[in-house]
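Tertiary structure, described
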Amino acid sequence: MASDVTEIKPRMVPLREGMFRMPDRLDMPAALLGDRCRNCGESFFPPRVFCAACSSGEMEAVEFASTGEIDTFTIVRQQPPNSVMVPPYAIVRVRLDDGPTVQTVMATEDIGSARIGQQVQLAARRLMEDESGNIVVSFMARPIPS
Ligand SMILES: [Zn+2]
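Residues numbered from 1 in each chain as written. Predicted model: local features only at pLDDT ≥ 70, side-chain atom pairs only at ≥ 80, totals over all residues. Heavy atoms only, no water.

Bringing the overall build of the protein chain into the picture now. Within the protein chain, the regular secondary structure consists of zero helices and 10 strands. Starting at the N terminus and walking to the C terminus, you meet the elements of the protein chain as β-β-β-β-β-β-β-β-β-β. Structurally, the protein chain occupies a C-alpha span of about 65 × 40 × 35 Å along its principal axes. Counting all 146 residues of the protein chain, 36% fall into the buried class. Intrachain contacts of the protein chain at a sequence separation of at least 6 include 49% that bridge at least 24 residues. Summed over all atoms, the accessible surface of the protein chain reaches about 9,000 Å², with 49% contributed by carbon and sulfur. The positive charge centre, built from 15 side chains, and the negative charge centre, built from 19, are 4 Å apart in the protein chain. (Helix = DSSP H or I, 4+ residues; strand = E, 2+ residues; numbered from the N terminus. Buried < 20%, exposed > 50% of the residue type's maximum accessible area, 1.4 Å probe, protein only. Contact = heavy atoms within 4.5 Å. Areas by Shrake-Rupley, 256 points an atom, 1.4 Å probe, with all protein chains shown as cover. Lys, Arg positive; Asp, Glu negative; His and termini not counted. Charge placed at Lys NZ, Arg CZ, Asp CG, Glu CD.)

Pasting the structure below:
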């Protein structure tokens, strides 16, 4: 007789749908999904309906490179209310190689590499587990060894 018990396999779910292209596994590169203005070429993350630079509505969806450079950062040593990140961690601003500047975080084990000019890769990382046991995934910056 076949068992009704199916193996429960934790599912990976993005923190927010449509934020980045979800890789098959954790720690793989995560390309952010944004858009670019067809009129002036400015790129945006998250996507916009109208261009903030020229007000054009001619936007096209793009997938940005997952690599970039830290242009500023700050270390967080105390847990802010409702934060799921465990301190210490870094809030970093990353200028993507082919796109806009985005804000993300660097987890505890990587903050020794938090410095201006550091090359980083945005990767899918475990943020927390939700009530259904799914692994909630967000993108975080990881140092690229030079
Ligand atoms: Zn524009």
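With that settled, consider the layout of surface pockets. In this model, the largest pocket occupies a volume close to 280 Å³. Mapped by element, the contributors of at least two residues to the lining of the largest pocket are strand S8 (101–106) and strand S10 (135–143). Its residues assigned to classes, the lining of the largest pocket comprises 10 nonpolar, four polar and one charged. (1 Å grid on protein atoms, 1.4 Å probe; cavity = no way out; pocket = protein on both sides within 12 Å on 5 of 7 lines; lining within 4 Å. Points joined across faces, edges and corners; volume = space filled by probe spheres on them. Nonpolar A, V, L, I, M, F, W, Y, C, P; charged D, E, K, R; others polar.)

Along the chain, Ser 43 falls in strand S4 (residues 43–44). What Ser 43 contacts, discounting residues up to four positions off in sequence, is Asp 35, Arg 36, Phe 64, Asp 98, Gly 99 and Pro 100.

Counting residues in each nonpolar core, the largest one holds 23 residues, and the members touching the most others are Leu 32 and Phe 139. Elements with a contribution of two residues or more to this core: strand S7 (89–96), S8, strand S9 (119–129) and S10. Look past the residues within four positions of Phe 139 in its chain and what remains in contact with it is Met 19, Phe 20, Ala 30, Leu 32, Phe 45, Gln 103, Thr 104, Leu 122 and Ala 123. Membership of the second largest hydrophobic core comes to seven residues, among which are Met 85, Tyr 89, Val 105 and Ala 107. (Core = buried A, V, L, I, M, F, W, Y, C linked by side-chain atoms within 4.5 Å.)

Note that every value here comes from positions in space, so none of it alone points to a role or purpose.
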